[in-house]
Amino acid sequence: MKRYVILAAALIAALAASACVKLGAQPLDKRFYQISPVRTAQKADAPKDIILLVRRLSASDLYNTRELVYRGADGHIESDFYNKFFVPPSNMLTTELRRWLSASGLFKHVIEPGSMVVPGLTVEGAVNALYGDYSAEQPAAVVEMQFFAVDESTQDNAIVFSGSYKERIPMSSTDPDALVQAMTVAVQNIYANLETDMAAAPLKD
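Quick caveat: nothing in here was measured; it's all calculated off a predicted structure.

Some thoughts on the overall build of the protein chain
In step 1: Of regular secondary structure, the protein chain possesses 3 helices and 9 strands.
In step 2: Each helix (α) and strand (β) of the protein chain, taken in turn from the N terminus, gives the series α-β-β-β-β-β-α-β-β-β-β-α.
In step 3: Sequence-distant contacts, at least 24 apart, represent 72% of the contacts inside the protein chain between residues at least 6 apart.
In step 4: Surface exposure of the protein chain reaches about 12100 Å², of which carbon and sulfur atoms provide 54%.

Describing a nonpolar patch on the surface
In step 1: Taken together, the side chains of F32, F86 and V87 make up a nonpolar region of the molecular surface, amounting to roughly 300 Å² of accessible area.
In step 2: Considering the arrangement of structural elements, one finds F86 in the loop between β5 (77–85) and α2 (89–104).

Structural notes on unusual backbone geometry
In step 1: In this structure, D74 takes a positive phi of about 60° despite not being glycine.
In step 2: For N157, which is not glycine, the phi torsion reads 50° and is therefore positive.
In step 3: Along the polypeptide, N157 turns up in the loop between β8 (140–151) and β9 (159–170).

Description of the side chain of E167
In step 1: Inspection of the secondary structure assignment puts E167 in strand β9.
In step 2: Notably, E167 is buried but unbridged: the nearest opposite-charge side chain belongs to R168, and the N-O separation is 10 Å.
In step 3: A polar side-chain atom of E167 sits 3.2 Å from a polar atom in the side chain of N189.
In step 4: Once residues lying within four places of it in the same chain are set aside, the contact partners of E167 are A141, V142, V143, A186, N189, I190 and N193.

Definitions and cut-offs
Residues numbered from 1 in each chain as written. Predicted model: local features only at pLDDT ≥ 70, side-chain atom pairs only at ≥ 80, totals over all residues. Heavy atoms only, no water. Helix = DSSP H or I, 4+ residues; strand = E, 2+ residues; numbered from the N terminus. Contact = heavy atoms within 4.5 Å. Areas by Shrake-Rupley, 256 points an atom, 1.4 Å probe, with all protein chains shown as cover. Patch = residues over 30% accessible without salt bridge, like charges linked within 9 Å, V, L, I, M, F, W, Y side chains within 5 Å. Salt bridge = Lys/Arg side-chain N within 4 Å of Asp/Glu carboxyl O. Buried < 20%, exposed > 50% of the residue type's maximum accessible area, 1.4 Å probe, protein only. Lys, Arg positive; Asp, Glu negative; His and termini not counted. Polar contact = N/O pair within 3.5 Å; in protein donor to acceptor, adjacent residues only side chain to side chain.

Written as structure tokens, this is what we have:
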């Protein structure tokens, strides 16, 4: 008799557990994104005799999250649990910046922190805004970034270039796909303008 009581208790526990957990249920529908700007301009004819170190970009605490960020009217801000970047924006945009400047042909070499090669120039930057603006009738992606180039050959690490960039790209719809596409265009524009400005800057060979 005692054995049947134990089996009955085990069966009741199993049924209770199955009521809480739906076996075979579909997982939460999360989507992951990457901002991948595409450089289409011609490569520089001759690179400057400079080894460029690109440091990891910093990012505002408001926007250095994998979740997409939306801003609305009256200062309302929220993040999207179901739609997010695959990696944090600071890492993602740093990788894309190194790739972009390497492809530009402006510099002899483009390296990253940890390299044993001694750089002649260092680029640092910050992502100050990266969000979807839904506060007006026309939604838009907003991206703001700033950059500094430091001459490593000077005793005081002189800043030889600085630039701030802001892009606001209108969106055709309010869905996350449209937002990431617009952000990608914004970053492409910023990196293209940065490349143009650095090409014209009086950087030492």
